[in-house]
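# Structural features, examined
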Amino acid sequence: MLNVSRNNLFMGFFSRPARFFVMCICISLLICCLIALTPLSSESCQCGGTREALNIKDNPRGLGQRQVTFGKSFHRLAILVPFRDRFEELLQFIPHMNKFLSRQHINHKIYVLNQVDNYRFNRASLINVGFLKSQPESDYVAMHDVDLLPINQELSYRYPVKPGPFHIASPELHPRYHYATFVGGILLIRREEFLQVDGMSNKYWGWGLEDDEFYVRLKEAGLKVSRPVNISTGTDNSFLHIHDRVKRKRDMTKCFNQREITRRRDKETGLHNVEYTIDGEHEIVVDGASATILNIKLKCNRQLTPWCLCDSDKVVSKQTPESKVEKDSVIVPNVKKTVKTGKVK
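An account of the accompanying structure is given in this report. Since the structure is predicted, the reported quantities are computational estimates derived from the model, not experimental observations.

### Digging into the pairing of strand S5 (residues 140-144)
It is a general feature of regular strands that their side chains alternate between the two faces of the sheet. Burial analysis of S5 places five of its five residues in the buried class, the great majority of the element. Here strand S3 (residues 77-83) runs beside S5; their pairing, made up of four bridges, is parallel. Residue pairing for S5: leucine 80 is matched across the bridge by methionine 143. Across five bridges, S5 lies against strand S8 (residues 186-190) in antiparallel orientation. Looking at S8, one finds that alanine 142 is bridged to leucine 188.

Here you go:
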């Protein structure tokens, strides 16, 4: 009788309307918990500008930079590093970049694009090869010089929120080049945008001008280049530039009709017809930081670009110190540029 009375009391307290009300509350709480635990996709977070998911605070130590915290990145960045015979810089580059990008929670992989053929150095073609190799594993790339190391964490390597490339080594921050159409040094670009402009020209053997030609490709495609804003450092303390101009002289020799041809927009070559073979692929670890080394043998069509090798009797402009050379440029209408090494029209 005691048990029956208790059951009757229990059922009486929780009448049918009361049980329905309690059930609704429980279901509502369960739905709220599921929504709270569901992760947001990276595409749904439009955090604005080039400072996506950044939280910048004043540096209490007064070191001229601000403290920056980054949210986790769901994108995959391929660092493409054109390379030849610069082992000392590479030993510094790999651990530095791994540490720098890890602080920003960038999901990244470093590709060292090591040119092992006997032709003159071709930065643009190496980047094309690196893009093709990294494309299945990344959705954006950084075209990155091995001798330019970022030292201010306000310089974001995150996936560009706005359409168009993001030029980290902007003219306002680069230690050497300050003309308005400069896009060299470090440039982030989405995979689909690199495909849209057919990559870079394969005609630029030797030093210089390939990034100027790439700027014209971007402009013709309607892709606007954006750059860092409100950075607390400048040209002297945003990057560490470790290039030794005495030890590693630029290959600025011009031969055959190279000077004339490379001043024009290249409509013949690009990502679609870069010719190469991969001679080997290796993993390297430097101070706990890893990178993939691709030994690349480029191929040269000497009917199209005979200056991939400069024969002594075909040299029309001998190599001179960089500071004494007037820098050439791809011809861009209504654009005048000034560089520390000279003037370009």
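Having seen it, we continue.
### Considerations on unusual backbone geometry
Phi at aspartate 198 takes a positive value of approximately 60 degrees, unusual for a residue other than glycine. Along the chain, aspartate 198 turns up in the loop between helix H5 (191-196) and helix H6 (210-220). Given a relative accessible area of 22%, aspartate 198 falls into the partly exposed group. At leucine 209, a position not held by glycine, the phi torsion is positive, near 80 degrees. With respect to the helices and strands, the residue leucine 209 is situated in the loop between H5 and H6.

### Re the state of the cysteines
Under the defined criterion, the tally for this structure stands at two disulfides. Linked covalently through their sulfurs, cysteine 255 and cysteine 310 form a disulfide whose S-S length is 2.0 Å. Linking cysteine 255 and cysteine 310, the disulfide has an S-S dihedral of approximately -75 degrees and is accordingly described as left-handed. Of this pair, cysteine 255 sits in strand S10 (residues 254-255) while cysteine 310 sits in the loop between strand S12 (289-298) and strand S13 (315-317), and the two are 55 residues apart along the sequence. On the accessibility criterion, cysteine 255 (0% relative accessible area) is buried. For cysteine 310, a relative accessible area of 26% corresponds to the partly exposed category.

### A look at the sheet that holds S8
As summarised here, the arrangement of the seven strands in space is S7-S8-S5-S3-S4-S12-S11, forming an open sheet in which the pairing is mixed. Two strands lie at the open edges of the sheet, namely strand S7 (166-167) and strand S11 (276-286), each paired on one side alone. Pairing analysis gives 10 bridges linking S11 to S12, with the strands arranged antiparallel. Paired with tyrosine 276 across the two strands is leucine 298, which belongs to S12. Against the sheet, helix H3 (residues 87-103) contacts S3, strand S4 (108-115), S5, S11 and S12, and its axis sits at roughly 165 degrees relative to S4.

### A short note on the environment of aspartate 287
The topology assignment puts aspartate 287 in the loop between S11 and S12. Between the C-alpha atoms of aspartate 287 and leucine 91, which are 196 residues apart in sequence, the distance is 8.7 Å.

### Brief notes about the packing of aromatic side chains
Evaluation of the coordinates by the stated rule reveals seven aromatic pairs. Clustering of aromatic rings is evident, with ring pairs tying together Phe131, Phe194 and Phe214.

### Considering the pattern of salt bridges
It is possible for side chains of opposite charge to pair when their charged atoms get near one another. In total, this model carries 18 salt bridges according to the counting rule given. The partner of lysine 133 in a salt bridge is glutamate 281, with the nearest N and O atoms 3.8 Å apart. Of this pair, lysine 133 sits in helix H4 (residues 123-134) while glutamate 281 sits in strand S11; the two residues are 148 residues apart in sequence, bridging distant segments of the chain. Accessibility expressed as a relative area gives 32% for lysine 133, which makes it partly exposed. The residue aspartate 266 makes a salt bridge to lysine 203 at a minimum N-O spacing of 3.5 Å. Taken together, the residues aspartate 266 in the loop between helix H7 (258-261) and S11 and lysine 203 in the loop between H5 and H6 connect sequence positions 63 residues apart. Of the two residues, aspartate 266 and lysine 203, neither departs from the other in class, the shared state being buried. The network of salt bridges with shared partners includes Lys203, Glu213, Arg217, Glu220, Arg265, Asp266, Lys267 and Glu268.

About the cut-offs
- Counting restarts for each chain: residues are numbered from 1 in the order of the written sequence.
- A pLDDT threshold of at least 70 governs which residues receive local features in this predicted model, and a stricter bar of 80 or more applies before side-chain atom pairs are shown or counted, although totals over entire chains, interfaces and linings include all residues.
- Water and hydrogen atoms play no part in the side-chain values, which are based on all heavy atoms of the structure.
- A 1.4 Å probe rolled over the protein chains alone gives each residue an accessible area, and that area as a share of the maximum for its type sets the label: buried under 20%, exposed over 50%, partly exposed in between.
- What counts as a helix is a DSSP run of H or I of at least four residues, what counts as a strand is a run of E of at least two, and both are numbered from the N terminus.
- Strand pairing is assigned whenever DSSP identifies at least 2 bridges connecting the two strands.
- Cysteine sulfur atoms are paired as a disulfide whenever they fall within 2.5 Å.
- We call two residues in contact whenever any of their non-hydrogen atoms come within 4.5 Å of each other.
- Angular values range over 0 to 180 degrees, each being the angle between N-to-C directions of two axes fitted as lines to C-alpha atoms, with helices fitted over their stretch in contact.
- Planes of paired rings set the category: under 30 degrees apart is stacked, over 60 is edge-to-face and the rest tilted, where pairs are Phe, Tyr or Trp rings (Trp by its six-membered ring) whose centres lie within 6.5 Å.
- Salt bridges, as used here, are contacts in which a Lys or Arg side-chain nitrogen is within 4 Å of a carboxyl oxygen on Asp or Glu.

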